[in-house]
Amino acid sequence: MPELPEVEVTRRGLLPHVVGRRIEAVTVRHRGLRWPVEPDLETRLAQRVVRRIERRGKYLLLECVSEDPAEPAGWLLVHLGMTGTLRVLPQAPPPGAHDHLDMVLAAGAEGVGDAAGAGGPLVLRFRDPRRFGAVLWTTLTEEELPSHPLLRTLGIEPFDAAFDGAWLHRHTRGRSAAIKTVLLAGGIVVGVGNIYASESLFRARIRPTTPAGRLSRERCDRLAQAVRETLAQAIERGGSTLRDFVGSDGASGYFQLDCFVYDRAGQPCRICATPVRQIVQGQRSTFYCPNCQH
Ligand code: ZN
């Protein structure tokens, strides 16, 4: 499942190819995604220019502006769900069964498009076999966007300067749930999926079952730092795949860390050689070292 690092790498991969381009045509082949794709998305998007691509949690936010200044700008919210990919294709092969949406992008203006000669027309293709992904249109302004129903419950971004040990400490007071479960819920900080929760807690040397409210300020400092480091490393790892982003088979942007504990049950801890333990928390597997993590 694409997690925050994969979504961020997708965003970075799209930026040089998509930003500044005009949308010539949109084809929706399947509207039954997690939420229905609105019936007139094709006409709403046509002839707009993608001005920028932002990310909030695991949502990609494409700002699409009209050439008509009377027409308000809008945002295309894209979520990759469990199995979604967004690919840039210079020559789009005939769509497969799971290619639900294509956006034909006009040839890039001067300065748009990359050195690989992808300045010509492109297709931005959304594929999602399990259809838990979403493609939604909204005309909320940039100021209003954080209040969108799908965005307003999200926790702070892990790379936001305001996310630190003090933030984590303040927002975990009175919480008796295990810190792993609290991290995974995303209401305090977004982007800490199942792999990254186990890995961050290992780096911070914190037992995943520790009640969140019991973490000292010092341990919260370590954990905030570990969350940022773990995610940054995953993004960096994924960034090395960006070269192949155009026309790839969709595998780009999916990558894994060399994990310390995740999916290593029974194998020796990379630090102390104690066998890594696996438990279940909130129906999700957790991995930790019983010696390194207290
Ligand atoms: Zn260990």
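Shown above is the structure to which this text applies.
Residues numbered from 1 in each chain as written. Predicted model: local features only at pLDDT ≥ 70, side-chain atom pairs only at ≥ 80, totals over all residues. Heavy atoms only, no water.

**Here's the deal with the overall build of the protein chain**
What the protein chain contains, in helices and strands, is 6 helices and 10 strands. For the protein chain, whose C-alpha radius of gyration is 21 Å, the value lies close to the compact-globule estimate of 19 Å for 294 residues. Oriented by its inertia axes, the alpha-carbon framework of the protein chain measures out at about 60 × 35 × 35 Å. By residue count, 49% of the 294 residues in the protein chain fall in the buried class. Intrachain contacts of the protein chain at a sequence separation of at least 6 include 69% that bridge at least 24 residues. When the accessible surface of the protein chain is totalled, it reaches about 13200 Å², and 51% of it is carbon and sulfur. Each charge class in the protein chain can be summarised by its mean position, and for the 38 positive and 32 negative side chains these summaries are 10 Å apart. (Helix = DSSP H or I, 4+ residues; strand = E, 2+ residues; numbered from the N terminus. Rg over C-alpha atoms; globule rule 2.2 N^0.38 Å. Buried < 20%, exposed > 50% of the residue type's maximum accessible area, 1.4 Å probe, protein only. Contact = heavy atoms within 4.5 Å. Areas by Shrake-Rupley, 256 points an atom, 1.4 Å probe, with all protein chains shown as cover. Lys, Arg positive; Asp, Glu negative; His and termini not counted. Charge placed at Lys NZ, Arg CZ, Asp CG, Glu CD.)

**So, the coordination of the zinc ion**
Around the zinc ion, the protein supplies Cys269 (SG), Cys272 (SG), Cys289 (SG) and Cys292 (SG) as donor atoms, at distances of 2.2 to 2.4 Å. Each of the 4 donor atoms bound to the zinc ion contributes to angles spanning 99 to 114°, and the resulting shape is tetrahedral. Assessed through its relative accessible area of 4%, Cys269 is described here as buried. A residue is classified by how much of its surface remains accessible, and Cys272, at 26% relative accessible area, is partly exposed. (Donors = N, O, S within 2.8 Å, 3.2 Å for Na, K, Ca; no water. Tetrahedral: all angles 85-135°; square planar, octahedral: opposite > 155°, others 65-115°.)

**Topic: the environment of Ser198**
Looking at the element boundaries, Ser198 is found in helix α5 (residues 194–203). The buried category is assigned to Ser198, whose relative accessible area is 1%. Residues Ser198 and Pro146, 52 residues apart in the sequence, show an inter-C-alpha distance of 29 Å. Among all residues touching Ser198, those that are not within four sequence positions of it are Lys180, Val261, Tyr262, Thr286 and Phe287.

**Describing unusual backbone geometry**
One non-glycine residue with positive phi stands out, namely Gln47, at about 75°. Here Gln47 lies in the loop between α2 (41–45) and β2 (49–56).

**What to know about the packing of aromatic side chains**
On inspection of all chains with the given rule, the structure shows 2 aromatic pairs. Between Tyr262 and Phe287, the ring centres sit 5.2 Å apart and the planes meet at 70°, which makes this aromatic pair edge-to-face. Here Tyr262 is found in the loop between α6 (217–239) and β9 (277–281), whereas its partner Phe287 is found in strand β10 (residues 284–288), with 25 residues between them in sequence. No difference in accessibility class separates Tyr262 from Phe287, as the two residues are buried. (Phe/Tyr/Trp six-rings, centres within 6.5 Å; stacked < 30°, edge-to-face > 60°.)

**Considerations on the nonpolar core**
Looking at soluble globular proteins, one finds that nonpolar side chains tend to be buried together. Counting residues in each nonpolar core, the largest one holds 34 residues, and the members touching the most others are Phe163, Leu168, Ile179, Leu183, Val192, Ile206 and Leu223. By residue number, the principal contributor to this core is α6, which donates 7 residues. Not counting residues up to four positions away in its chain, the partners in contact with Leu223 are Leu168, Ile179, Leu183, Ser200, Leu201, Ala204, Ile206 and Leu215. Core analysis: the next-biggest nonpolar cluster, separate from the first, contains 28 residues, Val7, Val18, Val28 and Val50 among them. (Core = buried A, V, L, I, M, F, W, Y, C linked by side-chain atoms within 4.5 Å.)

**Details of the sheet that holds strand β7 (residues 122–127)**
The antiparallel open sheet is built from 4 strands, whose spatial order is β1-β6-β7-β5. Edge positions in the open sheet fall to β1 (23–28) and β5 (85–89), since each of these has one partner strand only. Sheet twist, expressed as the average angle between the axes of neighbouring strands with direction ignored, equals 15°. Taken together, the 5 bridges between β5 and β7 define a ladder with antiparallel strand orientation. Across the sheet, residue Val88 finds its bridge partner in β7, namely Leu124. With respect to the sheet, helix α1 (residues 4–18) is in contact with β5, β6 (99–105) and β7, its orientation differing from that of β5 by roughly 30°. (Pairing = 2+ DSSP bridges. Axes fitted to C-alpha atoms, helices over the stretch in contact; angles between N-to-C directions.)

**Concerning α1**
One turn of an α-helix holds 3.6 residues; hence residues three or four places apart share an orientation. Under the 1.5 Å per step criterion, the end-to-end length of α1 is 20 Å for 15 residues, consistent within 8% with the ideal 21 Å. Among the 15 residues of α1, 12 are classified as buried, and the element is accordingly described as predominantly covered. Restricting attention to buried positions, one finds in α1 the residues Leu4, Pro5, Glu6, Val7, Glu8, Val9, Thr10, Arg11, Gly13, Leu14, His17 and Val18. Directly after α1, the chain includes Gly20, whose backbone phi takes a positive value near 95°. (Expected span 1.5 Å × (residues − 1).)

**Here we look at a nonpolar patch on the surface**
Among the surface-exposed residues, Met1, Met82 and Phe132 lie close enough to one another that they form a single nonpolar patch of about 270 Å² accessible area. With respect to the helices, strands and loops of the structure, Met1 is situated in the segment before α1. (Patch = residues over 30% accessible without salt bridge, like charges linked within 9 Å, V, L, I, M, F, W, Y side chains within 5 Å. Salt bridge = Lys/Arg side-chain N within 4 Å of Asp/Glu carboxyl O.)

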